[in-house]
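Chain by chain, the residues:
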Amino acid sequence: MNATESGHPPVVVIGAGPVGLAAAAHLTERGISPLVLEKGRQAGAAAREWAHVRLFSPWSEVVDPAAERLLAPTGWVRPEGTAYPTGGDWAERYLEPLAAALGDRVRFGVEVTGVARAGRDRIVDADREAQPFTVHVRRADGGEERIVARAVIDASGTWSVPGPLGADGLPALGERTAAGRIAYRVPDLKNPAVRARYAGKRVAVVGSGASAFTALAYLAELAREAPGTHAVWILRRGITGSTYGGGAADQLPARGALGLAAKAAVEDGYATAVTGFRTAAVERAADGQRPVLVAEDGRRLDPVDEVIALTGFRPDLSFLGELRLGLDERLQAPTALAPLIDPNVHSCGTVYPHGAKELSHPEEGVYLVGMKSYGRAPTFLALTGYEQVRSLAAALAGDREAAERVELTLPETGVCGGAGLFDQPEPAGQGGGCCAAPATLAIGAAPASSGGC
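A. Layout of the pattern of salt bridges. For the coordinates displayed, the defined rule picks out 24 salt bridges. Its salt-bridge partner being Glu 96, residue Arg 48 comes within 2.8 Å of it at the nearest N-O pair. Here Arg 48 is found in helix α2 (residues 45-49), whereas its partner Glu 96 is found in helix α4 (residues 87-102), with 48 residues between them in sequence. Classification of Glu 96 as partly exposed rests on a relative accessible area of 38%. Taking the shortest distance from any N to any O, the salt bridge between Glu 145 and Arg 107 comes out at 3.0 Å. Residue Glu 145 is located in strand β6 (residues 144-149), and its partner Arg 107 is located in strand β3 (residues 106-108); the two are separated by 38 residues in the primary sequence. Taken together, the shared-partner salt bridges in this structure form one network comprising Arg 107, Arg 139, Asp 141 and Glu 145.

What follows is the structure, encoded as structure tokens:
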């Protein structure tokens, strides 16, 4: 049992990424002892895996205010606010020093394998809410232990569970067999070995979000130096005015520029778009090696050398099975939050700011935050996560007024609404237009942005 100096169990935070460490900073500032449990060996383990990718939010929007206050006595100075860090920069220049400042409140090499109420499985009602939480963990040395917690904040993200190629949400037939030719992350083309894998090759890029834009831009740059490199961009819908994002209307200029770079890759001939293609199977070409993607409607693409599947991520809920969570049946996000982030309706610039109230579950004292809170919904911004944990820390401290106060205004995407209805064309006049900003309920701290926002 890990206890605070006063003898009370800590608030366990799962994950030492940007939102998990921000939660620890806010809890510390409130006089509540956190215990951060991180499976990796360093802070920002997931961000280090996309260290080569540049965020489209500047430093001024990816540093949490409470974390900066915690770091100040150590002599840490925030990097130039207008510069854009890579995932590696974010981890090394901010998350690592923050974890060091938190000291023994962060443990590495510890994987959470289960969370429950002490002595109560999921079905037991009797005296349930009076019991603390038990967090079961497995250490790097293989040993196991049980930690008692007053509350649990799951900031473990979704990085470990990428979406499959299959349009029905399941791996396409043959996808597992072709695993050696399929990557589920944006490739680091500055790495010589990775560069050699894609140079001069025909590469299928499956997906329509920021990660796909990034991959298309990287491959176009590679094609200028390595003739024969060509991307086949596979889209489940048609190309409309909002396919490439908000462009110049995006209030995050780097995010808008990313979409424009993908558009340029297509217009300059470095990529070919294939629309209305929903992958059902991955077969082999006559050479027995190259993948051939087959759509639900029977269309077969010409063979490709490599496939980059960038179809989003999903939350790992397996270790939360003994808790009573209230999750939306579609998004796997908290039920009160889901309507606010539904990608059929919203872009990340039209999401209403939210906090403890929207993140609550039937099991009082457990919260999913950061990318994990969005379930399968995309376009999460780190500044959203920072606002979430600020509100949660206030709620856990009993400061209801601060917990309910909104201290965030999100930047607009320049795209009205979300993805729209399944297979339905976008209404006229909604391509790339700027949406009205959501009303700001209150003004507090200055904006303080997963994985690549």
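B. Main features of the packing of helix α1 (residues 18-29) against α4. The N-to-C vectors of α1 and α4 enclose an angle of 35 degrees; their axes lie 10 Å apart at closest approach. Here α1 and α4 pass one another in a crossing that is left-handed. Residues Pro 18, Leu 21, Ala 22, Ala 24, Ala 25 and Thr 28 of α1 form the contact with α4, whose own contacting residues are Trp 90, Leu 95, Leu 98, Ala 99 and Leu 102. Of the residues assigned to the contact of α1 with α4, the class counts are ten nonpolar, one polar and no charged.

C. Representation of the side chain of Glu 387 within the structure. By the secondary structure assignment, Glu 387 is in helix α10 (residues 382-396). Exposure remark for Glu 387: the relative accessible area of 5% places this residue in the buried category. There is a polar contact of 3.0 Å between the side chain of Glu 387 and the side chain of Arg 390. When sequence neighbours within four positions are dropped, the list of residues in contact with Glu 387 reads His 354, Arg 405, Val 406, Glu 407 and Leu 408.

Conventions and cut-offs
Residues numbered from 1 in each chain as written. Predicted model: local features only at pLDDT ≥ 70, side-chain atom pairs only at ≥ 80, totals over all residues. Heavy atoms only, no water. Salt bridge = Lys/Arg side-chain N within 4 Å of Asp/Glu carboxyl O. Helix = DSSP H or I, 4+ residues; strand = E, 2+ residues; numbered from the N terminus. Buried < 20%, exposed > 50% of the residue type's maximum accessible area, 1.4 Å probe, protein only. Axes fitted to C-alpha atoms, helices over the stretch in contact; angles between N-to-C directions. Left-handed = near helix turned anticlockwise from the far one by under 90°. Contact = heavy atoms within 4.5 Å. Nonpolar A, V, L, I, M, F, W, Y, C, P; charged D, E, K, R; others polar. Polar contact = N/O pair within 3.5 Å; in protein donor to acceptor, adjacent residues only side chain to side chain.

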